[in-house]
Amino acid sequence: MVGRFVIGIGFALALAASPALADDVTGVWLRESGASKVKFAPCGGAICGTLVWIKEGTDTPAKVGQRLFSGMKSTGPNAWAGSYSNPDDGKTYDAKMTLSGNTLTTSGCAFGGVICRSSTWTRAN
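Values in this document were obtained by computation on a predicted structure and should not be read as measured data. (Residues numbered from 1 in each chain as written. Predicted model: local features only at pLDDT ≥ 70, side-chain atom pairs only at ≥ 80, totals over all residues. Heavy atoms only, no water.)

Asks: I'm lost on a nonpolar patch on the surface in this one. Help?
Replies: Together, Phe111, Val114 and Ile115 line one region of the surface with nonpolar side chains, adding up to about 360 Å² of accessible area. Checked against the element boundaries, Ile115 lands in strand E8 (residues 115-123). Note on Ile115: relative accessible area 47%, which makes it partly exposed. (Patch = residues over 30% accessible without salt bridge, like charges linked within 9 Å, V, L, I, M, F, W, Y side chains within 5 Å. Areas by Shrake-Rupley, 256 points an atom, 1.4 Å probe, with all protein chains shown as cover. Salt bridge = Lys/Arg side-chain N within 4 Å of Asp/Glu carboxyl O. Helix = DSSP H or I, 4+ residues; strand = E, 2+ residues; numbered from the N terminus. Buried < 20%, exposed > 50% of the residue type's maximum accessible area, 1.4 Å probe, protein only.)

Asks: Looking at this model, I keep getting lost on the state of the cysteines. Mind explaining?
Replies: Linking two cysteines covalently through their sulfur atoms gives a disulfide. As enumerated under the stated definition, the model contains two disulfides in all. The connectivity of the disulfides in the chain is 1-2, 3-4, where the numbers refer to bonded cysteines in sequence order. (Disulfide = S-S within 2.5 Å.)

Asks: Is there a simple way to think about the sheet that holds strand E7 (residues 103-110) in this case?
Replies: Pairing in this closed barrel of eight strands is antiparallel, and the strands run E1-E2-E3-E4-E5-E6-E7-E8 around the ring. Neighbour-to-neighbour, the strand axes of this sheet turn through a mean angle of 30 degrees, independent of strand direction. Of the strand pairs in this sheet, strand E3 (residues 46-54) and strand E4 (residues 67-76) are connected by three bridges, and their pairing is antiparallel. In the sheet register, Ile47 faces E4, and the bridge partner there is Met72. (Pairing = 2+ DSSP bridges. Axes fitted to C-alpha atoms, helices over the stretch in contact; angles between N-to-C directions.)

Structure (structure tokens):
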């Protein structure tokens, strides 16, 4: 009886000490403009985002299958940081993303954070 109590207490303490788990960002997301979809999935111990759809008639140098987000690692509950490859200028920027329910916000900054842009995505699947 005492053994079960000790195991129960140990289990409860382990749960209390566990870090908060982030919501699941994996899946397909539609950009706010409706012009593209990106699939986020695990890759090499992080999360990566690959372009899986571009709306017909959209003028962009981006290609389906192109990896846009790389090395996105958790920085806290529902937050990740890594890099974003911009198909418009061919450059890679520091990126962050945050998840709130079915809304994903991504942001990238240049010049040490002086110029930043963000996009809002909604779950497409």
